[in-house]
Amino acid sequence: MLAILAPGQGAQTPGQLKPWLEIGGVESRLRWWSAAVGIDLVDVGRDGSAETIRDTAVAQPLIVATGLVAAEQLSLPRTGNLLVAGHSVGEITASVLAGALDAESALVFVALRGRAMAEAAGRVPTGMTAVVGGDPDEVTEHLRRLDLTAANRNGAGQIVAAGSLEALARLAEEPPPRARLRPLSVAGAFHTHFMQPASDQLAGVAPGLRPRTPVVAQLSNADGNVIDNGPELVQHLADQVAAPVRWDLCLARMRDLGVTAIVELPPAGTLAGIAKRELTGVQILAVKTPDDLPAARELIAHHTDAPSGDDPDGGGDPAAGSSTAAGLVGATR
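The rules behind each value
Residues numbered from 1 in each chain as written. Predicted model: local features only at pLDDT ≥ 70, side-chain atom pairs only at ≥ 80, totals over all residues. Heavy atoms only, no water. Salt bridge = Lys/Arg side-chain N within 4 Å of Asp/Glu carboxyl O. Helix = DSSP H or I, 4+ residues; strand = E, 2+ residues; numbered from the N terminus. Buried < 20%, exposed > 50% of the residue type's maximum accessible area, 1.4 Å probe, protein only. Domains from an automatic or database assignment. Contact = heavy atoms within 4.5 Å. Buried area = accessible area lost by both parts, 1.4 Å probe. Polar contact = N/O pair within 3.5 Å; in protein donor to acceptor, adjacent residues only side chain to side chain. Nonpolar A, V, L, I, M, F, W, Y, C, P; charged D, E, K, R; others polar.

A. The arrangement of the pattern of salt bridges in detail. Evaluation of the coordinates by the stated rule reveals 13 salt bridges. Across the pair glutamate 141 and arginine 145 runs a salt bridge, and its minimum N-O distance is 3.9 Å. One end of the pair, glutamate 141, and the other, arginine 145, are both in helix α7 (residues 136-145), four residues apart, so they sit about a helical turn from each other. For glutamate 141, a relative accessible area of 31% gives the class partly exposed. One salt bridge connects arginine 246 with aspartate 248, and the closest N-O pair in it is separated by 2.8 Å. On the basis of relative accessibility, which here comes to 21%, the residue arginine 246 falls in the partly exposed class.

B. Local environment of the domain arrangement of the protein. Splitting the protein by domain gives domain 1 (2-123 + 190-305) and domain 2 (126-184). Residue-level contacts link 14 residues of domain 1 with 13 residues of domain 2. Summed over both sides, the interface of domain 1 with domain 2 buries roughly 1,100 Å², with 57% coming from carbon and sulfur. Scanning the region where domain 1 abuts domain 2 turns up one salt bridge. Linking aspartate 248 and arginine 153 is a salt bridge whose minimum nitrogen-to-oxygen distance equals 3.9 Å. Applying the counting rule to domain 1 against domain 2 returns five residue pairs in polar contact (both at pLDDT 80 or more). Going through the elements one at a time, α11 (247-257) and α12 (270-278) are the ones with two or more residues in the side of domain 1 that touches domain 2. Looking at side-chain class alone, the side of domain 1 that touches domain 2 contains seven nonpolar, three polar and four charged residues.

C. Here's a closer look at α12. Within the sequence span of α12, burial applies to Leu271, Ala272, Gly273, Ile274 and Ala275. Summarising the contacts, the buried residues of α12 are in contact with β1 (2-6), β4 (149-155), α11, β9 (261-264) and β10 (283-286).

D. Up close: the side chain of arginine 153. Considering the arrangement of structural elements, one finds arginine 153 in strand β4. Not counting chain neighbours up to four residues away, the residues in contact with arginine 153 comprise Pro136, Asp137, Thr140, Gln158, Ile159, Val245, Arg246, Trp247 and Asp248.

Here's what the structure looks like:
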């Protein structure tokens, strides 16, 4: 079984789109998507500085667009033993791969998400700090006592604390036992109650998306379970902005389902690194540039029971793959 993973905010790097622009048709595709998000994706993805692409309103559409560009080159099958999962904003990338949203709808949605989260972050000074090591339950309880939220539980001994700058300062003075702290360069306390205004904005537009029934199984950041209903998936995308990311549960579900290989879409590396520490014996490939595409195609062919299709939006007739998602849902409930 193959899992395709889509990274979240923080994975972006300057120039991440530059090598992909050398592929015929990619620049015109990105020009079209730029109209959907209101950002020149070609410019920021090729020439944007680290400071420019750190902006939440820029980073999120850029990350999703980069992942979709690579996925279109892979022509992922929609039959066979395949599932998708995304970390935070990567869930929107995954929703396209699952067949629930078309690329343009996903990009309009993520552009609003980025703007809304940036606005919410500007209301109160907040931030995030990675807590590496320590007992996960002890760390979580320690954060609760300091009025902080375990906003990301990423597995591999990493929990991301989020909350007010004052509370984070107390954490720096009182770290959990046997844990190291690493402040993160982010605009605010994502995946906490501070993001509720952004979640409400997304919930207001979600009914207009008209999602399709997913044809590939997608794991939820909320609990690691498979989401098999289009409207439920879109509502989840809105709710998850203000709720913790349980990537540890997604990894556990992959283990339970017998995932044998993982391909991380660009900007890749973070999720592949976590998976290498958590999922022993699984073949893992991070697609960072087009040079990695041949190896990714080979891995996909070897670990799924259907050939990849020629559909540039993900491969094959969506209806043909519906049994895949249904079968996985039945296995996880």
